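Overview (structure and organization)
What follows is the residue order along each chain.
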Amino acid sequence: MAKVYNGVYFVAGQDDFIPDSHVYIIGDPASKDLSLVDVGLTGKGNYKLESIQQMGIDLACVKRIIMTHTHLDHIGCLAEIQGAIPGAELWIHKAEAEPIEKGDDRAIYGMEAFKGMCQMQYGIGPDAFQFKIDRKLEGGETLEIGSMIWEVIHIPGHSMGGIALYEPVAKILIPGDVIYADYAIGRFDLFGADAAQLKESLGRLAQLDVDILLPGHNQIVKGVSSDYIRKTAKMWEAYLV
Ligand SMILES: [Zn+2]
Ligand SMILES: [Zn+2]
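Attention here is on the structure that accompanies the text. It should be emphasised that the depicted structure is a prediction, and the values quoted were computed from it without experimental measurement.

Quick look at the coordination of the zinc ion (ligand 2) now. Around the zinc ion (ligand 2), the protein contributes the donor atoms D73 (OD), H74 (NE2), D177 (OD) and H217 (NE2), at 2.0 to 2.1 Å from the metal centre. Relative to the metal, the four donor atoms surrounding the zinc ion (ligand 2) lie at angles of 85 to 147°, and the coordination shape comes out irregular. In the primary structure, the donors to the zinc ion (ligand 2) are separated according to the pattern D-H-x102-D-x39-H. In this structure, the zinc ion (ligand 2) lies 3.6 Å from the zinc ion (ligand 1), and both are coordinated by D177. You can see H74 sitting in helix α2 (residues 72–75) and its partner D177 sitting in the loop between β11 (172–174) and α7 (195–206), a full 103 residues away along the chain.

What follows covers the side chain of D38. Inspection of the secondary structure puts D38 in the loop between β4 (34–37) and α1 (45–54). The side chain of D38 sits in the buried core without any salt bridge; K48 is the nearest counter-charge, 8.9 Å away. Among the polar contacts listed, one links the side chain of D38 to the backbone nitrogen of T68, at a separation of 2.7 Å. Side chain to side chain, D38 and H74 meet in a polar contact 2.8 Å long. Aside from chain neighbours lying at most four places away, what touches D38 is S21, H22, V23, I66, M67, T68, H69 and H74.

A positive phi is found at S147, a non-glycine position, where the angle reads about 60°. Tracing the chain through its elements places S147 in the loop between β8 (142–145) and β9 (148–154). The phi dihedral of Y183 falls on the positive side, at around 60°, and the residue is not glycine. Residue placement: Y183 occurs in the loop between β11 and α7. For Y183, a relative accessible area of 33% corresponds to the partly exposed category.

Time to look at the coordination of the zinc ion (ligand 1). At 2.1 to 2.3 Å from the zinc ion (ligand 1) lie its protein donor atoms, namely H69 (NE2), H71 (ND1), H158 (NE2) and D177 (OD). Classification of the site at the zinc ion (ligand 1) as irregular follows from its four donor atoms and the range of 92 to 167° in their angles at the metal. The motif formed by the donor residues of the zinc ion (ligand 1), counted along the single chain, is H-x1-H-x86-H-x18-D.

Parameters at a glance
Residues numbered from 1 in each chain as written. Chains lettered and ligands numbered in written order. Predicted model: local features only at pLDDT ≥ 70, side-chain atom pairs only at ≥ 80, totals over all residues. Heavy atoms only, no water. Donors = N, O, S within 2.8 Å, 3.2 Å for Na, K, Ca; no water. Tetrahedral: all angles 85-135°; square planar, octahedral: opposite > 155°, others 65-115°. Helix = DSSP H or I, 4+ residues; strand = E, 2+ residues; numbered from the N terminus. Buried < 20%, exposed > 50% of the residue type's maximum accessible area, 1.4 Å probe, protein only. Lys, Arg positive; Asp, Glu negative; His and termini not counted. Salt bridge = Lys/Arg side-chain N within 4 Å of Asp/Glu carboxyl O. Polar contact = N/O pair within 3.5 Å; in protein donor to acceptor, adjacent residues only side chain to side chain. Contact = heavy atoms within 4.5 Å.

Structure below.
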């Protein structure tokens, strides 16, 4: 686990049979009001919790878990994390929160064939992803949490309720799986994905002034070039129709 910036910490995903998402911890530790952004793949809860504690962070200071989206590689170990931090709230965009409350797990697995494979591989039961959601995000919120300000931006396309978190002072963007380093973008063939929406979402992100890019997987980037997101969107434009 590493410090990215004051009030932003990073635990790298530990890829397995399938990828494990990174976890970001946001908030000034002195505020004792920290948030986890995503948790990761099934079975990775202990690894994530130990990494967070090794950084000297008291789990009791984690007040909420904010999901960029609810694919299995981001939400898989949520029950493990909630077991260790029972007081933490769960915040998810309403488009993915509502299915989860009803026990509809299509957005978790993304495709039926993948669901069967993952349930078998990880011993996941049929109702493993029914959670109570404490706050349904809509996009457009300004969150004043952990002595920082984060803007919530709804960026569907990779998934229905994907969100980015943007911190305008240090120009930090946490976009989930919508855009990565090296001109890569999230896949748009899973349940709830939509290529045209993804194009629009990339266009929205391209308008932000971003210096630090903290995606759900692979490299994190400091010193992002000013036209990186616009160039990436342009490269993929022909495929996003
Ligand atoms: Zn995803
Ligand atoms: Zn992912």
